[in-house]
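Each chain, written out:
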Amino acid sequence: MEHDLGNRIRGARRIAGITQAELASMLRVSRSAVANWEGAGGIWPASARLLSIATLTGVSYEWLATGRGIATDATEGLPAVRGELIDDPQELRMLRAFRGCRVPIRRALVDMAEAQRNRR
């Protein structure tokens, strides 16, 4: 199961169209560190490093870290990516409910929310 993380790191890098050396340079690590993360050697980056990889490659942090969700969800709007905390219980409840929905339902909810916002 842990090797799946290595596959997701490789997948994120490929989605972004960058080489191991390019990702290593962006993260200021060696190319061999990236190769180790992508391999089956059991060496994994810390959570903060995973967040950097997700941000640099444009994939969802949730997908990269856990395999849940969709790899290419837009991450720029996610509070965790921007370093914000969700401290409103209603917002957290809504976010959890949203994450539990299937993709077509998520899209419909986003469309509905955007339509509501544009009416103001």
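Not measured: the values here are computed from a predicted model.

Asker: Give me the lowdown on the overall build of the chain, citing residues and values where you can.
Answerer: Looking only at helices and strands, one finds eight helices and zero strands in the chain. Helices and strands in the chain line up, N terminus first, as α-α-α-α-α-α-α-α. By the burial criterion, 25% of the 120 residues in the chain qualify as buried. Taking the intrachain contacts of the chain between residues at least 6 apart in sequence as the baseline, contacts between residues at least 24 apart amount to 45%. Here the chain has roughly 8,100 Å² of accessible surface; of this, 53% comes from carbon and sulfur atoms.

Asker: For the confidence of the model for the chain, give the residues involved together with the corresponding values.
Answerer: Chain-level pLDDT for the chain is 80 on average; 83% of the residues reach the 70-or-more range. Across the chain, element-level confidence peaks in helix α3 (residues 31–38) with a mean pLDDT of 92 and bottoms out in helix α6 (residues 79–82) with 49.

Asker: Help me get a handle on the packing of helix α2 (residues 20–27) against α3, residues and values and all.
Answerer: Their axes nearest at 8 Å, the elements α2 and α3 cross at an angle of 110 degrees. Relative to α3, α2 is oriented roughly perpendicular. In the packing of α2 onto α3, the handedness of the crossing is right-handed. Residues Q20, A21, L23, A24 and L27 of α2 pack against R31, V34, A35, W37 and E38 of α3. Along the lines of polarity and charge, the residues of the contact of α2 with α3 split into seven nonpolar, one polar and two charged.

What counts as what
- Residues numbered from 1 in each chain as written.
- Predicted model: local features only at pLDDT ≥ 70, side-chain atom pairs only at ≥ 80, totals over all residues.
- Heavy atoms only, no water.
- Helix = DSSP H or I, 4+ residues; strand = E, 2+ residues; numbered from the N terminus.
- Buried < 20%, exposed > 50% of the residue type's maximum accessible area, 1.4 Å probe, protein only.
- Contact = heavy atoms within 4.5 Å.
- Areas by Shrake-Rupley, 256 points an atom, 1.4 Å probe, with all protein chains shown as cover.
- pLDDT = per-residue confidence, 0-100.
- Axes fitted to C-alpha atoms, helices over the stretch in contact; angles between N-to-C directions.
- Parallel < 35°, antiparallel > 145°, perpendicular 65-115°, else oblique.
- Left-handed = near helix turned anticlockwise from the far one by under 90°.
- Nonpolar A, V, L, I, M, F, W, Y, C, P; charged D, E, K, R; others polar.

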